[in-house]
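For reference, the chains in residue letters:
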Amino acid sequence: MQKAQLTLALLLSFCLLLMQSSCSSKRENKTLAFSNDFENDFGWHDSPLLTKGEAHSGQYYNTVPGNGYSTTFKKNFSDFELAPFQKIKLSTWVRFPVLDSRATLVVSIDSTEGKTPFFWQSIAVEDFIEAKDSWFKVEGEIDLPKNIKPNYTLLVYIMNTCKKSIWVDDLSFELIK
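Since this is a predicted model, take the numbers as computed values, not measurements.

Engineer: What is the right way to read the overall build of the protein chain from this model?
Structural biologist: Within the protein chain, the secondary structure is distributed over one helix and 11 strands. Each helix and strand of the protein chain, ordered N terminal to C terminal, gives the series α-β-β-β-β-β-β-β-β-β-β-β. Burial analysis of the protein chain (177 residues in total) assigns 36% to the buried set. If you take every contact in the protein chain between residues at least 6 apart in sequence, the share linking residues at least 24 apart comes to 75%.

So, in structure tokens, the structure goes:
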């Protein structure tokens, strides 16, 4: 009988320890990551032309027409378990056909109150170009405003501000608590 009680006590202690460690690891998780290699489109909307060919990874990349927009990530903040967030860390690979191409990696937060974005900030893609007609990595962090409401919408996309098409692949970002 004592052996059974001891075994039960050890089993309960192990379960409590396991539950405590899993809860603490969830508290330590302070980022939420999303990515699109353009081989799939979960969570991404308004997909322009996907092209099969010389992608940075996989078979497909996003062709962004001149003066156009890339595939857009679009979700309400109420869909994110860990909100609110302090910053967003972004990364993508871009290929320009000519050196004087221009584009921006955009983070926009739309409110339900108005037609203009509640928040809009961008990273100049051309600041990262290494050579024309080759893939180069664009990275950056943007601080987010503190007063984001759950019904506001997060949008992440590339805005091509030149006349020639550009290529985008492996767009990813992390929301950081």
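Engineer: Quick question: what am I supposed to make of the environment of Phe80 here?
Structural biologist: Relative to the helices and strands, Phe80 is located in the loop between strand E5 (72–76) and strand E6 (87–95). Assessed through its relative accessible area of 6%, Phe80 is described here as buried. Counting along the chain gives 70 residues from Phe80 to Pro150, while the straight-line C-alpha distance between them is 8.8 Å. Ignoring anything within four residues of it in the chain, the contact list for Phe80 reads Leu32, Phe34, Phe73, Lys75, Phe85, Leu154 and Leu175.

Engineer: Where do I start with the confidence of the model for the protein chain in this structure?
Structural biologist: Should pLDDT be low for a region, the predicted coordinates there are not to be read in detail. When pLDDT is averaged along the protein chain, the result is 81, and 79% of the positions lie at 70 or above. Counting contacts from residues 4–27, a segment whose pLDDT is below 50, to residues more than four positions away or on other chains yields zero contacts.

Engineer: Whenever I open this one, the pattern of salt bridges confuses me. Can you help?
Structural biologist: When their charged atoms lie close together, side chains carrying opposite charge are able to pair. Counted by the stated rule, this structure contains six salt bridges. One salt bridge in this structure joins Arg95 and Asp133, with 3.4 Å as the shortest N-O distance. With Arg95 in strand E6 and Asp133 in the loop between strand E8 (119–124) and strand E9 (135–143), this pair connects stretches of sequence that are 38 residues apart. Take Arg95: its relative accessible area is 10%, and that puts it in the buried class. Where Glu139 meets Lys137, a salt bridge forms, and the shortest distance between an N and an O atom there is 3.5 Å.

Engineer: Honestly, unusual backbone geometry in this entry has me stumped. Any pointers?
Structural biologist: What is expected of a backbone is that most residues other than glycine have negative phi and most peptide bonds are trans. The phi dihedral of Asp133 is positive, around 60°, even though this residue is not glycine. We classify Asp133 as partly exposed; its relative accessible area is 43%. The residue Asp170 is not glycine, and still its phi comes out positive at about 50°. Asp170 gets classed as buried once you look at its relative accessible area, which sits at 16%.

Engineer: Is there a simple way to explain the environment of Glu139 in this structure?
Structural biologist: As for its placement among the helices and strands, Glu139 is situated in strand E9. In this structure, the C-alpha to C-alpha distance between Glu139 and Ser172, residues 33 residues apart in sequence, is 9.6 Å. Sequence-distant contacts of Glu139, that is, excluding residues within four places in its chain, are made with Leu90, Ser91, Ile123 and Phe128.

Engineer: Help me understand the packing of aromatic side chains in this model?
Structural biologist: Where two aromatic rings form a pair, the distance of their centres and the angle of their planes describe that pair. Counted by the stated rule, this structure contains 12 aromatic pairs. Seen in terms of ring centroids, Phe34 and Phe73 are 4.8 Å apart; in terms of plane orientation they differ by 50°. Their pairing is tilted. Here Phe73 lies in strand E5 and Phe34 lies in strand E1 (residues 31–36), a separation of 39 residues in the sequence. Phe34 sits in the partly exposed class, given a relative accessible area of 22%. For Phe73, a relative accessible area of 1% corresponds to the buried category. Taken together, Phe34, Phe73, Phe77, Phe80, Phe85 and Phe173 form an aromatic cluster joined through their ring pairs.

Parameters and conventions
- Residues numbered from 1 in each chain as written.
- Predicted model: local features only at pLDDT ≥ 70, side-chain atom pairs only at ≥ 80, totals over all residues.
- Heavy atoms only, no water.
- Helix = DSSP H or I, 4+ residues; strand = E, 2+ residues; numbered from the N terminus.
- Buried < 20%, exposed > 50% of the residue type's maximum accessible area, 1.4 Å probe, protein only.
- Contact = heavy atoms within 4.5 Å.
- pLDDT = per-residue confidence, 0-100.
- Salt bridge = Lys/Arg side-chain N within 4 Å of Asp/Glu carboxyl O.
- Phe/Tyr/Trp six-rings, centres within 6.5 Å; stacked < 30°, edge-to-face > 60°.

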